[in-house]
2 protein chains.
Amino acid sequence: MRIKGIRETSASLASPMRNAVIDFSKMTLSVVAVIMDAKLEGDRIIGFGFNSNGRYSQGGVLRERLIPRLLGADPDSLLDDQGILDPVRVNACMLQNEKPGGHGERAFAVGALDAAIWDAIGKAEGKPLYKIFAERFNDDIYDNRVSVYPGGGYYDEEKGIEGLKSELKGYLDTGYVLMKIKVGGAALEEDKRRIDAALSIVGEGRNLAVDANAALGIDEALRYANAMSEYELAWFEEPIDPLDFKGYAELAAAVPIPLATAENLFSEADAENLLSYGGLRRDCDWLQFDPSLCYGPTTFLNIVRKGERMGWSSRRHIPHGGHQLGLHLAAGLQLGGTETYPLVFQPFGGFGDEDEIKEGYINLPDSPGLGVEMKSELYNKILKPLIDG
Amino acid sequence: MRIKGIRETSASLASPMRNAVIDFSKMTLSVVAVIMDAKLEGDRIIGFGFNSNGRYSQGGVLRERLIPRLLGADPDSLLDDQGILDPVRVNACMLQNEKPGGHGERAFAVGALDAAIWDAIGKAEGKPLYKIFAERFNDDIYDNRVSVYPGGGYYDEEKGIEGLKSELKGYLDTGYVLMKIKVGGAALEEDKRRIDAALSIVGEGRNLAVDANAALGIDEALRYANAMSEYELAWFEEPIDPLDFKGYAELAAAVPIPLATAENLFSEADAENLLSYGGLRRDCDWLQFDPSLCYGPTTFLNIVRKGERMGWSSRRHIPHGGHQLGLHLAAGLQLGGTETYPLVFQPFGGFGDEDEIKEGYINLPDSPGLGVEMKSELYNKILKPLIDG
């Protein structure tokens, strides 16, 4: 099983909405296809990978550094003892001659390729990825269904509060229970009106999370967190800069509302620092590392294991990113759930065409690898043209 | 004074040597030219900027995100009250719709452009940059000369220990006093032979620094640091991963040798975390943030000021990077000195053609801005073709 070729492209994620910090009108992401020389039931094995939203495509890093290194390596040096691609060796190859620290765009480019490598491994073994993750990293134990919630409730000037309510009503009708809206991009009083409106749809029981996308300074965040603590909310996400560990410790000590963060930390070292210095509470706070951005599932797995050594149950992780990769990791490592994007960031957001949400949970797919072939618009509009083109 | 156009290119820094972690045979960097509509003594003002070594060129981020944002902005929105480019506004424009955290390649791309903006400001005011930095940020007080040391002593299989000695003898003959060699890329015993050889050239008095380029784990780093402490060395640089704050705190508590780090941290938030959690000693350790990589001199200035608020004298900073930008910042902010690369990373390393080193110090240049025009090979081979091409 050897890599025969690698293709990459940039795709648009352009969307009209904004959070408290950025708008998404020019958002892009990288999509890669790793073409293997091996076949599964007569079809050539092709691993697909792509990033989640928010960090733009990384064609430069892919074309100039990572892909030449992989294609220039001795193919056997990338395999494990069974002759299957070894993600750890593939990662080491991608990162040769890269200095430590500075975990930004490089992490996103590696993340897309690493996801594709795992997709190819799943296809080579003829198994959905969650079963592979469980076999290799979780004593072959996995969850048969995963708690999912829609990332939504963005600011949208045309939509207003009535639009927000009908968006959430739509999620409720689709089968979701837990959902999330943006805060911190308007005055606190308006955000409170948005929360009241949202709670009128989702009902009681900590089924609404709020997300400030790191827009606030610490004083404003404390004011917000105190106001948010008056509601029964699931969590208050990214009140402040993701690297402001001192600020997180101050918030966690001061307010009862659960905090959630980590979608904007991309390395094991940053993860360890957050858990060491951020003062987060193992019994109520949430970790949202993004497996498609943090150097890929290989590093995400290491982060979950590192967290366990530091006293954090895998159930405290609910990955950011909103697509099939998070779903497989959530089932295979028995995480707390995963995010999804039923309405935005199409055709990448969400799961397979036939997948149904029931009472906030989704069952796992049977198709080998990530299962991107079961997501027809993504496959037909983006992935198939990439390999045919 | 408005931006008329921006050009960028990738240049090779290919060099045959290696440190303990990477080789430099395929190293590149980004070079940018910001073309203004204003003139200085009849010549159009063009600001030049470029990165230092180690992090590769960032054409993708520049072309796809930063340059379109700058050229798409209302030109007046980038100016200060005097009608001169305002680096803070330019930075905010470059970073619009960028999420927080993830300070990697984006920081390097912004760094090159921010350096060019400052070069243009210096040219518009007809002053060398160190005087501008001093006027704006240091009560108009600056140093007339700056302590410089050559970054060198790389591993090179053909060179051997005799080659290392003649390299350092060359620096000594050029006027340098303090110099630096690599460690951590060979067995400790061989590194000790390299240190013995180096000390036989530089003599007594803490004139030799050693640099492990983050190659070591904490146990190995402690073993090395204890061995290094037997010599009178200037500092032990980057023994461990730059984000391993716990490890730095452990080292600083355990060994007497001064530590140096921070060339691989690229944001104000990372800087604050290093100073909060890294256990570094204000009376003997060194900070080496790289102004061309950490979002540019604008952010570097903020890091120095943040350090002062946390009890760190500006004299504890000796920037990584080895070119004229570090020299101007060292004089204008009264830092502890700056690195230079007289032999490697040409034609970018080092200062102007006529600049002389005397007893380890260099005088400041008079030419406006960064003074890249006084570095003929850089100007004629790289910068002039970029604006003519």
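Residues numbered from 1 in each chain as written. Chains lettered and ligands numbered in written order. Predicted model: local features only at pLDDT ≥ 70, side-chain atom pairs only at ≥ 80, totals over all residues.

S.K.: Sorry if this is basic, but what is going on with the overall build of chain A here?
M.R.: Within chain A, the secondary structure is distributed over 12 helices and 12 strands. Scaling as 2.2 N^0.38, a compact globule of 389 residues should have a C-alpha radius of gyration of about 21 Å, and chain A matches this with 20 Å. Dimensions of chain A, computed from C-alpha atoms along their principal axes, come out at roughly 60 × 40 × 40 Å. Classification of the 389 residues of chain A by burial places 56% in the buried group. For chain A, the share of sequence-separated contacts (at least 6 apart) that also reach a separation of at least 24 residues comes to 72%. (Helix = DSSP H or I, 4+ residues; strand = E, 2+ residues; numbered from the N terminus. Rg over C-alpha atoms; globule rule 2.2 N^0.38 Å. Buried ≥ 20, exposed ≤ 12 C-beta atoms within 10 Å, placed from the backbone. Contact = placed C-beta atoms within 7 Å.)

S.K.: Just to check I follow, could you spell out the sheet that holds strand β4 (residues 145–150) of chain A for this structure?
M.R.: Picture the strands of a sheet paired through backbone hydrogen bonds; they go either parallel or antiparallel. All names here are of chain A. Overall, mixed pairing links the four strands, which are arranged β10-β4-β12-β11 in an open sheet. For this open sheet the edge positions go to β10 (338–340) and β11 (357–358), each flanked by a neighbour on one side alone. Direction of pairing for β4 relative to β10: parallel, over a ladder of three bridges. Residue pairing in the sheet places Val148 in a bridge with Thr338 of β10. In the packing of helix α11 (residues 324–332) onto the sheet, the strands contacted are β4, β10 and β12 (361–363), and the crossing angle to β10 comes to about 160°. (Pairing = 2+ DSSP bridges. Axes fitted to C-alpha atoms, helices over the stretch in contact; angles between N-to-C directions.)

S.K.: Would you take a moment to explain the relation of the copies chain B and chain A for this structure?
M.R.: Related by rotation about an axis and a shift along that axis, the two copies of the chain form a pair. Aligned on chain A, chain B shows an RMSD of 0.0 Å; the corresponding rotation is 180° and the shift along the axis is 0.0 Å. Considering both components of the superposition, the chain copies are consistent with a two-fold axis. Across chain B, the rotation axis passes nearest the C-alpha of B:Gly104, at a separation of 2.0 Å. (Least-squares fit on C-alpha atoms with pLDDT ≥ 70 in both.)

S.K.: Is there a simple way to think about the domain arrangement of chain A in this case?
M.R.: When the parts of a complex come together, some accessible area is lost, and that lost area is often taken as the interface size. All names here are of chain A. When its domains are assigned, chain A resolves into domain 1 (3–125 + 381–388) and domain 2 (136–377). Computed over C-alpha atoms only, the centres of domain 1 and domain 2 are separated by 24 Å. If you look at the interface, domain 1 gives 35 residues, while domain 2 gives 35 residues. Sorting the residues of the side of domain 1 that touches domain 2 by element identifies β2 (28–40), β3 (43–50), α2 (87–94), α3 (105–125) and α12 (376–388) as the ones contributing at least two each. Sort the elements by how many residues they give to the side of domain 1 that touches domain 2 and α3 lands first, with 11 residues. By residue class, the composition of the side of domain 1 that touches domain 2 is 19 nonpolar, 10 polar and six charged. (Domains from an automatic or database assignment. Nonpolar A, V, L, I, M, F, W, Y, C, P; charged D, E, K, R; others polar.)

S.K.: Hey, could you run me through the sheet that holds strand β3 (residues 43–50) of chain B in this one?
M.R.: Residues and elements named next belong to chain B. One open sheet accounts for three strands, arranged β1-β2-β3; its pairing is antiparallel. Edge positions in the open sheet fall to β1 (3–12) and β3, since each of these has one partner strand only. Each strand of the sheet is rotated relative to its neighbour by a mean of 25°, with strand direction disregarded. Of the strand pairs in this sheet, strand β2 (residues 28–40) and β3 are connected by seven bridges, and their pairing is antiparallel.

S.K.: So what exactly am I meant to see when it comes to the packing of helix α7 (residues 218–228) of chain A against helix α8 (residues 245–254) of chain A here?
M.R.: When two helices pack together, their arrangement is captured by the angle between the axes and the distance separating the axes. All names here are of chain A. Viewed as axis vectors pointing N to C, α7 and α8 meet at an angle of 25°, and their least axial separation amounts to 11 Å. Between α7 and α8, the angle falls in the class roughly parallel. Between α7 and α8 the crossing geometry is right-handed. Here Ile218, Ala221, Leu222 and Ala225 of α7 come into contact with α8, specifically with Gly247, Glu250, Leu251 and Ala254. Within the contact of α7 with α8, the residues separate by chemical class into six nonpolar, one polar and one charged. (Parallel < 35°, antiparallel > 145°, perpendicular 65-115°, else oblique. Left-handed = near helix turned anticlockwise from the far one by under 90°.)

S.K.: What am I meant to see in the interface of chain B and chain A here?
M.R.: Facing the 39 residues of chain B at the interface are 39 residues of chain A. When grouped by side-chain class, the residues that make up the side of chain B that touches chain A number 14 nonpolar, 12 polar and 13 charged.

S.K.: Just to check I follow, could you spell out the pairing of β2(B) for this structure?
M.R.: Within a regular strand, side chains alternate between the sheet's two faces. Both β1(B) and β2(B) contribute to a ladder of nine bridges, which runs antiparallel. Within the sheet, the bridge partner assigned to B:Gly5 lies in β2(B) and is B:Ile35.

S.K.: What am I meant to see in helix α8 (residues 245–254) of chain B here?
M.R.: Three- or four-residue spacings in an α-helix give side chains the same orientation, since the helix completes a turn every 3.6 residues. Along α8(B), the residues classified as buried are B:Phe245, B:Gly247, B:Tyr248 and B:Leu251. The arc that holds every buried residue of α8(B), seen down its axis, measures 155°, which confines them to one face. Buried residues belonging to α8(B) abut α9 (268–277) of chain A together with α7 (218–228), β8 (259–261) and α9 (268–277) of chain B. (Arc of directions from axis to C-beta.)

S.K.: I tried to follow the environment of A:Ala73 on my own but got confused; where do I start?
M.R.: Residue and element names in this part refer to chain A. When you line up the elements, Ala73 lands in the loop between α1 (59–72) and α2. Separated by 70 residues in the primary sequence, Ala73 and Ile3 place their C-alpha atoms 10.0 Å from one another. Beyond its immediate chain neighbours, meaning those up to four positions away, Ala73 contacts Leu78 and Cys93.

S.K.: Can you walk me through unusual backbone geometry in this structure?
M.R.: Trans peptide bonds make up most of the peptide bonds, and negative phi angles are found at most residues other than glycine. Residue and element names in this part refer to chain A. A cis amide bond links Gln346 with the next residue in sequence, Pro347, at an omega value of 5°. Here the phi dihedral of Phe345 falls at roughly 55°; this positive angle occurs in a residue that is not glycine. Along the polypeptide, Phe345 turns up in the loop between β10 and β11. According to the C-beta neighbour criterion, Phe345 is buried, with 23 such atoms within 10 Å.

S.K.: What is the right way to look at the environment of A:Lys192 in this model?
M.R.: Residue and element names in this part refer to chain A. With respect to the secondary-structure elements, Lys192 resides in helix α6 (residues 188–202). What makes Lys192 partly exposed here is the crowd of 17 C-beta atoms within 10 Å. For the pair Lys192 and Tyr231, spaced 39 residues apart in sequence, the C-alpha to C-alpha distance is 9.7 Å.

S.K.: When you look at the confidence of the model for chain A in this model, what are you seeing that I'm missing?
M.R.: The predicted coordinates ought not to be read in detail in places where the model reports low pLDDT. Of all residues in chain A, 100% have pLDDT values of 70 or greater, and the mean over the chain is 95. Scoring of the predicted complex yields 0.97 for pTM and 0.97 for ipTM. (pLDDT = per-residue confidence, 0-100.)

S.K.: Looking at this structure, I do not really get the nonpolar core. What am I missing?
M.R.: Soluble, globular proteins show a tendency: their nonpolar side chains are buried together. Core analysis: the biggest nonpolar cluster contains 115 residues, and B:Val34, B:Leu113 and B:Ala116 have the highest contact counts within it. Per element, the largest residue contribution to this core is 13 residues, and it comes from helix α3 (residues 105–125) of chain B. Taken domain by domain, this core gets at least three of its residues from each of domain 1 (3–126 + 381–388) and domain 2 (136–377) of chain B. Counting residues in each nonpolar core, the second largest holds 114 residues, with A:Ala198, A:Trp235, A:Cys294 and A:Leu370 among its members. (Core = buried A, V, L, I, M, F, W, Y, C linked by C-beta atoms within 7 Å.)

S.K.: Help me out: how do you make sense of α6(A) in this one?
M.R.: All names here are of chain A. For α6, which comprises 15 residues, the first-to-last C-alpha distance of 20 Å matches the rise-based estimate of 21 Å (1.5 Å per residue) to within 8%. Looking only at α6, the buried set comprises Asp191, Arg194, Ile195, Ala198 and Val202. Mapping the buried residues of α6 onto a view down its axis gives an arc of 100°, with all of them on the same face. Residues of α6 that are exposed and point over 90 degrees away from its buried face: Glu189, Asp196 and Ser200. (Expected span 1.5 Å × (residues − 1).)

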